[in-house]
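# Commentary on secondary and tertiary structure
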Amino acid sequence: MELTENKSILEWIKEKADLVKPDKILWIDGSKEQIDELRAEAVSTGEMIKLNEELLPDCYLHRTKPNDVARVEDRTLICTPTEEEAGPTNHWMEPSKCYEMLYNIARDSYKGRTMYVIPYSMGPVGSPFSKIGIELTDSIYVVLNMCIMTRVGKNVMDALGDSNDWVRGLHCKCNVDAENRWICQFPQDNTIISVNSAYGGNVLLGKKCFALRIASYQGWKEGWQAEHMLILGVENPQGEVKYICAAFPSACGKTNLAMLIPPEGYQKKGYKVWCVGDDISWIRKGEDGRLYAINPENGFFGVAPGTNMKSNPNALISTKKGTIFTNVAHNTDTNTVWWEGLDKNPPENAIDWKGNEWHASTATEKAAHPNSRFTAPTVNCPCLSSEFENPQGVPISAFVFGGRRAKLAPLVYQSKSWNNGVFIGSIMASETTAAAAGAVGVVRRDPMAMLPFCGYNMADYWQHWIDIGATLDPDKAPKFFNVNWFRKDDDGNFLWPGFGDNLRVLDWIINRCEGKVDAKETAIGYVPYAEDINLEGIEDEVSIDTLKSILEVDPELWKAETSGIEEFYAKFGDKLPETLKNELETLKSNLA
Ligand code: OXD
Ligand code: MN
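Residues numbered from 1 in each chain as written. Chains lettered and ligands numbered in written order. Predicted model: local features only at pLDDT ≥ 70, side-chain atom pairs only at ≥ 80, totals over all residues. Heavy atoms only, no water.

Here we come to the overall build of the chain. Along the chain, the regular secondary structure elements total 17 helices and 31 strands. Relative to the compact-globule value of 25 Å for 592 residues, the chain shows a C-alpha radius of gyration of 24 Å, a close match. On the principal axes, the C-alpha backbone points of the chain span a range of 65 × 55 × 45 Å. Classification of the 592 residues of the chain by burial places 60% in the buried group. Summing over all exposed atoms, the chain offers an accessible surface of approximately 23,100 Å²; the carbon and sulfur share of this is 49%. Counting 61 positive and 82 negative side-chain charges, the chain places the averaged centre of each group 1 Å from the other. (Helix = DSSP H or I, 4+ residues; strand = E, 2+ residues; numbered from the N terminus. Rg over C-alpha atoms; globule rule 2.2 N^0.38 Å. Buried < 20%, exposed > 50% of the residue type's maximum accessible area, 1.4 Å probe, protein only. Areas by Shrake-Rupley, 256 points an atom, 1.4 Å probe, with all protein chains shown as cover. Lys, Arg positive; Asp, Glu negative; His and termini not counted. Charge placed at Lys NZ, Arg CZ, Asp CG, Glu CD.)

If the charged atoms of two oppositely charged side chains come close together, the side chains can form a pair. Counting across every chain of the model gives 36 salt bridges. In this structure, Arg405 engages Glu561 in a salt bridge whose closest nitrogen and oxygen atoms are separated by 3.0 Å. Of this pair, Arg405 sits in the loop between strand 25 (394–402) and strand 26 (412–414) while Glu561 sits in helix 16 (residues 555–570); the two residues are 156 residues apart in sequence, bridging distant segments of the chain. Comparing Arg405 with Glu561, the two get one shared label, buried. In this structure, Arg445 engages Glu561 in a salt bridge whose closest nitrogen and oxygen atoms are separated by 2.7 Å. Residue Arg445 is found in strand 28 (residues 443–445), and its partner Glu561 is found in helix 16; the two are separated by 116 residues along the sequence. (Salt bridge = Lys/Arg side-chain N within 4 Å of Asp/Glu carboxyl O.)

With that settled, the discussion passes to the coordination of the manganese ion (ligand 2). In ideal tetrahedral geometry, four donors around a metal make angles of 109.5 degrees, whereas ideal octahedral geometry with six donors gives angles of 90 or 180 degrees. Donor atoms from the polypeptide that coordinate the manganese ion (ligand 2) comprise Lys208 (NZ), His228 (NE2) and Asp279 (OD), at 2.1 to 2.2 Å from the metal. In primary-sequence terms, the residues that donate to the manganese ion (ligand 2) follow K-x19-H-x50-D. Separated by 71 residues along the polypeptide, Lys208 in helix 8 (residues 206–222) and Asp279 in the loop between strand 15 (272–277) and strand 16 (281–285) bring together distant segments of the chain. For the pair formed by Lys208 and Asp279, the shared burial category is buried. (Donors = N, O, S within 2.8 Å, 3.2 Å for Na, K, Ca; no water.)

The end-to-end C-alpha distance of helix 2 (residues 32–45), which contains 14 residues, comes to 20 Å, matching closely the 20 Å that a straight helix rising 1.5 Å per residue would cover. Listed in full, the buried residues belonging to helix 2 are Gln34, Ile35, Leu38, Arg39 and Ala42. Buried residues of helix 2, seen end-on, are gathered within an arc of 135° and therefore sit on one face of the element. What points out from helix 2, more than 90 degrees from its buried face, is the exposed set Glu33, Glu37 and Ser44. (Expected span 1.5 Å × (residues − 1). Arc of directions from axis to C-beta.)

Our focus in this paragraph is the sheet that holds strand 19 (residues 324–326). Here we have five strands laid out as an open sheet, ordered 2-3-19-24-18, and mixed in their pairing. Strands at the two margins of the open sheet, each flanked by one partner only, are strand 2 (49–50) and strand 18 (299–303). Pairing analysis gives three bridges linking strand 3 (residues 60–62) to strand 19, with the strands arranged parallel. Considered in strand 19, the bridge of Leu61 is made with Phe325. (Pairing = 2+ DSSP bridges.)

Close to ligand 1 lie Arg71, Lys208, His228, Asp279, Arg373 and Phe453. Between ligand 1 and Arg71, the relevant distance is 2.8 Å, taken from an oxygen atom to a side-chain nitrogen or oxygen of the residue. His228 is positioned with one of its side-chain polar atoms (N or O) 3.2 Å from an oxygen atom of ligand 1. In isolation ligand 1 has 210 Å² of accessible area, and contact with the protein removes 84% of it. (Near = heavy atom within 4 Å. Polar contact = N/O pair within 3.5 Å; in protein donor to acceptor, adjacent residues only side chain to side chain.)

Time to look at the nonpolar core. Membership of the largest hydrophobic core comes to 161 residues, with the highest contact counts inside it found for Trp282, Trp496 and Ile509. In this structure, Cys98, Leu136, Trp166 and Ile193 belong to the second largest nonpolar core, which totals 34 residues. (Core = buried A, V, L, I, M, F, W, Y, C linked by side-chain atoms within 4.5 Å.)

Further remarks concern helix 16. Across its 16 residues, helix 16 extends 22 Å between first and last C-alpha, which sits within 8% of the 22 Å expected from 1.5 Å per residue. Among all positions in helix 16, only Trp558, Glu561, Thr562, Ile565, Phe568 and Tyr569 are buried. Burial along helix 16 is one-sided: seen end-on, the buried residues are contained in an arc of 125°. Exposed residues on helix 16 whose side chains face more than 90 degrees from its buried face are Glu556, Ala560, Glu567 and Ala570. Packing partners of the buried residues in helix 16 comprise strand 26, helix 12 (418–426), strand 28, helix 13 (458–470) and helix 17 (578–591). (Contact = heavy atoms within 4.5 Å.)

Per the stated rule, a full pass over the model turns up 30 aromatic pairs. An angle of 65° between the planes, with centres 6.0 Å apart, marks the rings of Tyr120 and Phe210 as edge-to-face. One end of the pair, Tyr120, is in strand 6 (residues 114–122); the other, Phe210, is in helix 8, with 90 residues separating them in the sequence. By the burial criterion, Tyr120 is buried, and Phe210 matches it. When the centroid spacing of 6.3 Å and the interplanar angle of 70° are considered together, the rings of Trp462 and Phe568 count as edge-to-face. Taken together, the residues Trp462 in helix 13 and Phe568 in helix 16 connect sequence positions 106 residues apart. The buried category is assigned to Trp462, whose relative accessible area is 0%. Of the aromatic side chains, those joined through ring pairs into one cluster are Phe399, Phe401, Trp418, Trp465 and Phe480. Over the aromatic face of Trp166 sits the side chain of Arg168, whose NZ or CZ is 3.7 Å from the ring centroid. Looking at Lys208, its charged tip hangs above the ring of Phe453, at a distance of 4.3 Å from the centre. (Phe/Tyr/Trp six-rings, centres within 6.5 Å; stacked < 30°, edge-to-face > 60°. Lys NZ or Arg CZ within 6 Å of the ring centre and 35° of its normal.)

Look at helix 2 against helix 5 (residues 140–149): their axes get within 10 Å of each other, and the N-to-C directions meet at 145°. Relative to helix 5, the crossing made by helix 2 is left-handed. Here Ile35, Leu38, Arg39, Glu41 and Ala42 of helix 2 come into contact with helix 5, specifically with Ile140, Val143, Leu144 and Cys147. Of the residues assigned to the contact of helix 2 with helix 5, the class counts are seven nonpolar, no polar and two charged. (Axes fitted to C-alpha atoms, helices over the stretch in contact; angles between N-to-C directions. Left-handed = near helix turned anticlockwise from the far one by under 90°. Nonpolar A, V, L, I, M, F, W, Y, C, P; charged D, E, K, R; others polar.)

Of all residues except glycine, most have a negative phi; of all peptide bonds, most are trans. One non-glycine residue, Asn190, adopts positive backbone phi at about 50°. Mapping Asn190 onto the fold places it in the loop between strand 10 (182–186) and strand 11 (191–195). On the basis of relative accessibility, which here comes to 15%, the residue Asn190 falls in the buried class. Positive phi outside glycine occurs at Asn335, with the angle close to 55°. Residue Asn335 is classed as partly exposed on the basis of its relative accessible area, which comes to 24%.

One open sheet accounts for four strands, arranged 21-20-22-23; its pairing is antiparallel. One side of each edge strand has no neighbouring strand; the edge strands of this open sheet are strand 21 (336–338) and strand 23 (357–358). As paired elements, strand 20 (residues 329–331) and strand 22 (residues 350–351) share two bridges and run antiparallel to each other. Note on strand 22: the bridge partner recorded for His330 is Ile351.

In structure tokens:
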């Protein structure tokens with residue numbers, strides 16, 4: 001049964017059904033009965049494996065094709081009318097040409113299959129922040145993941161009414177042919193088309209495609225922001241909670257920070273950390289003139305390897321029920337899952353992520369794919385914020401940027417102003433790790449961690465940040481910080497323990513926001529006095545001299561960095577905001 005009478009939706013579905021020719025059309029209402037039926041069907045066809053009901057209730061395992069295990073940035077297109085609108089950091093194709101290419105791939109591809117119609121809301125249904133989408137898909141795996149990651153059901157359609165303001169999403173699994181795989185965003189048309197993939201980031205269209213690429217464009221046009229940022233709340237012993245939005249490139253521990261466990265000393269004093277979101281923030285000015293953020297998602301799509309009871313117990317606990325695992329190993333003795341870094345007991349009898357037998361004692365390859373994932377409901381998270389469902393969002397005290405820099409960036413520094421903060425976000429970069437293919441230690445620029453997710457020209461995006469700042473009363477505007485958990489000594493050892501101890505840095509950040517602590521002005525911004533970072537309980541691990549060394553700003557390294565920034569900025573030609581050009585000049589003269 002159709003869940004709406006909205007003409008723009010019904011006409012669009014008919015048009016797409018005429019193209020892809022499904023055997024039947026099924027609306028997804030998000031009900032437990034329907035989800036159970038779809039799970040049973042996916043198990044009967046082998047698309048999913050039901051895991052041990054006692055140990056992992058309502059949990060399932062799915063394997064993608066080995067050629068389809070990650071996002072594909074070179075096949076992700078921003079289809080604006082002109083190439084300049086997409087900008088130099090996006091791959092672009094002219095819209096009509098792209099539609100034609102995609103329709104030729106999609107034509108008749110649902111024959112013998114069902115078209116599932118998923119009405120979903122990004123953000124709490126009815127919140128002023130929220131936006132609605134429809135995803136058409138021929139994959140039960142996608143339906144079940146979307147039912148975790150977003151809010152699905154008839155109430156979404158009721159909230160939309162007959163409005164035309166909704167995001168169109170068409171996913172066609174086709175033959176999962178890597179040569180014809182395309183993930184295309186049409187920002188002006190509120191449209192996403194994804195073909196020949198069945199991997200999360202490419203096909204759960206609410207996430208990267210909508211909540212970042214399309215939404216960043218919508219935010220630009222409508223005066224709000226969609227950012228690749230976690231949201232966490234730090235509660236002090238007096239029960240006051242301050243909220244921080246933080247952006248990091250991949251492999252910098254974003255989910256771990258979002259669900260941080262305070263060090264023992266902090267716990268004893270009564271500090272708590274609450275997770276509002278681990279990946280995406282939608283940000284708007286509230287009536288009181290402050291910026292507020294929501295997490296538009298309803299689940300965590302986290303990387304499994306490395307997640308364990310030490311690194312991130314809250315994430316691990318979140319995966320214990322109602323979770324879909326993708327490309328992890330299947331422990332066939334217990335009918336549970338395993339991945340590298342889960343524990344020190346790899347299963348002797350397992351099936352690896354490719355579907356082959358795997359034995360810990362003789363294994364030469366990894367059991368789980370390095371980008372294997374869990375899709376877990378946010379409600380499972382023990383530290384989920386009580387404000388998670390708040391339709392007004394949470395007030396933001398600080399924006400935190402970060403990356404992996406062995407020598408350059410200090411543990412933390414604060415920007416000198418809003419525009420200087422935008423500059424710091426725009427020069428974000430991370431050194432590549434052994435986890436990714438290619439050379440190790442190469443600097444990859446990733447402004448605001450939005451490089452693969454900005455749905456328009458990055459120069460316009462920076463100007464949008466600057467324009468938002470101009471509308472805010474400086475006393476109410478969030479402050480900007482940059483952190484670097486990854487400083488190394490000359491032997492390549494990390495100097496900062498990271499994980500829960502990062503709260504010591506967040507503590508300083510919050511104190512700065514409240515004007516409670518002084519800082520040292522340097523060429524790049526305000527750096528803490530070492531004595532102001534609380535080392536109680538880790539003095540043996542981090543001496544005050546070590547701390548001083550990781551707070552140091554080396555002008556020679558920074559001078560070299562400014563050449564890298566200049567080179568990166570040059571890509572944007574005349575579109576580079578004047579403000580950022582000036583910020584770079586100021587940094588250069590500060591260093592001289
Ligand atoms: C993610 C990503 O999956 O940023 O969140 O790649
Ligand atoms: Mn992400």
